[in-house]
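Structure assessment
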Amino acid sequence: MYIERKYQDYLDDLAAKKPAPGGGSAAAAAGALGVSLLSMVANFTVGKEKYKDVEVEIQQILDTAEKSRAELQKLIDEDVAVYQKVSAAYKMPKDTEEDKRARSEAIQTALKDAMAVPLAICRNLFEAAKLCEPLLEKGNINLVSDVGVAAEFIASGFTAALLNVEINLSGIKDSSLAAQIRDELYQKEKQIQLIKENVLKETKEKIG
């Protein structure tokens, strides 16, 4: 698992001529960086007398951010694993009609599994984005720029994961499923971009 290895190992493999890790895994990594910054800001707020009145709320933000980070760390590796299943399905024999049917079914199953990972990343980061505005408003004033950076990473991770949902949906024959997922994610995309824009605007104002 990459999460247990050196960061250099991950970057080297990401840059290498290898099919995985790729964009989906990188989307989870980018999102995890953003969520980690939210946790940092919360950690520098909880326990300080100046922020005693909002400590309960900030602790809840911290707990939610840490759950989000734990899931994203798993998804970094899960995206690598599901890609390998897709690759294996495409390499199945197609000599006979029976082979072709089995291969087609395996590809569809693998694509749905592969799509589910970036979909989970998108859903995770959509919820994480909601933590940015209250943390910017009530968190440690000395770390407002970190909340802005977090919002940027979270929104970028969402967009990157969305692209990976799309590339898998393009090969999935279930048009009803594809339409349902696209409708959900494009609504979320609009909201998360709005959150990012608001957070960046407020961050710059607070920096002054």
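The preceding data block contains the structure.
So, a few notes on the structure that sits alongside this text. Computed from a prediction, not measured in an experiment: that's the story for all the values here. Throughout this description, residue numbers start from 1 for each chain and increase along the sequence as written. Given that the model is predicted, a residue must reach a pLDDT of at least 70 before its local features are reported, and side-chain atom pairs must reach 80 or more before they are shown or counted; all residues, however, enter totals for whole chains, interfaces and linings. Where side-chain values are given, they derive from all heavy atoms of the structure, hydrogens and water being excluded.

A run of H or I in DSSP becomes a helix once it reaches four residues, and a run of E becomes a strand once it reaches two; helices and strands are each numbered from the N terminus. Within the chain, the secondary structure is distributed over seven helices and zero strands. Listed N to C, the secondary structure of the chain is α-α-α-α-α-α-α in terms of helices and strands. C-alpha extents for the chain along the principal axes are approximately 70 × 40 × 30 Å. To sort residues, take the accessible area from a 1.4 Å probe on protein chains only and compare it with the maximum for the residue type: under 20% means buried, over 50% means exposed, and anything in between is partly exposed. Looking at the chain as a whole, 42% of its 208 residues qualify as buried. Should any heavy atoms of two residues lie within 4.5 Å, those residues are considered in contact. If you take every contact in the chain between residues at least 6 apart in sequence, the share linking residues at least 24 apart comes to 78%.

By the secondary structure assignment, L33 is in helix 2 (residues 23-43). Sequence spacing of L33 and E197 is 164 residues, and the spatial spacing of their C-alpha atoms is 19 Å.

Let us now look at the side chain of D13. With respect to the helices and strands, D13 occurs in helix 1 (residues 7-15). Apart from the residues lying within four places of it in its own chain, the contact partners of D13 are Y2, R5, K18 and P21.

Attention now goes to a nonpolar patch on the surface. Note on patches: the residues involved have over 30% relative accessible area and no salt bridge, like charges join within 9 Å, and the nonpolar side chains Val, Leu, Ile, Met, Phe, Trp and Tyr join within 5 Å. Here, Shrake-Rupley sampling with a 1.4 Å probe gives the accessible areas, and only protein chains in the shown set may cover a residue. Think of a salt bridge as a Lys or Arg side-chain nitrogen and an Asp or Glu carboxyl oxygen that are within 4 Å of each other. A grouping of Y7, L11, L14, L33, V149 and F153 is seen on the molecular surface, where their side chains present a nonpolar patch of about 500 Å² in accessible area. Broken down by secondary-structure element, the contributors of at least two residues to the nonpolar patch are helix 1 and helix 6 (144-169). Examining the composition of the nonpolar patch, we find that three residues originate from one element, helix 1, more than from any other. In this structure L33 comes out as partly exposed when scored by relative accessible area, which is 41%.

This part covers the nonpolar core. Note on terminology: a nonpolar core comprises buried Ala, Val, Leu, Ile, Met, Phe, Trp, Tyr and Cys residues joined through side-chain atoms within 4.5 Å. The biggest cluster of nonpolar side chains holds 60 residues, and the ones touching the most others in it are L38, I121, L135, V147 and I154. Counting residues per element, the ones that place at least two in this core are helix 2, helix 3 (55-90), helix 4 (97-129), helix 5 (132-138), helix 6 and helix 7 (175-207). If one sorts the elements of this core by residue count, helix 4 sits on top with 13 residues. Apart from the residues within four sequence positions on either side, V147 is in contact with L38, V41, C132, L135, L136 and V199.

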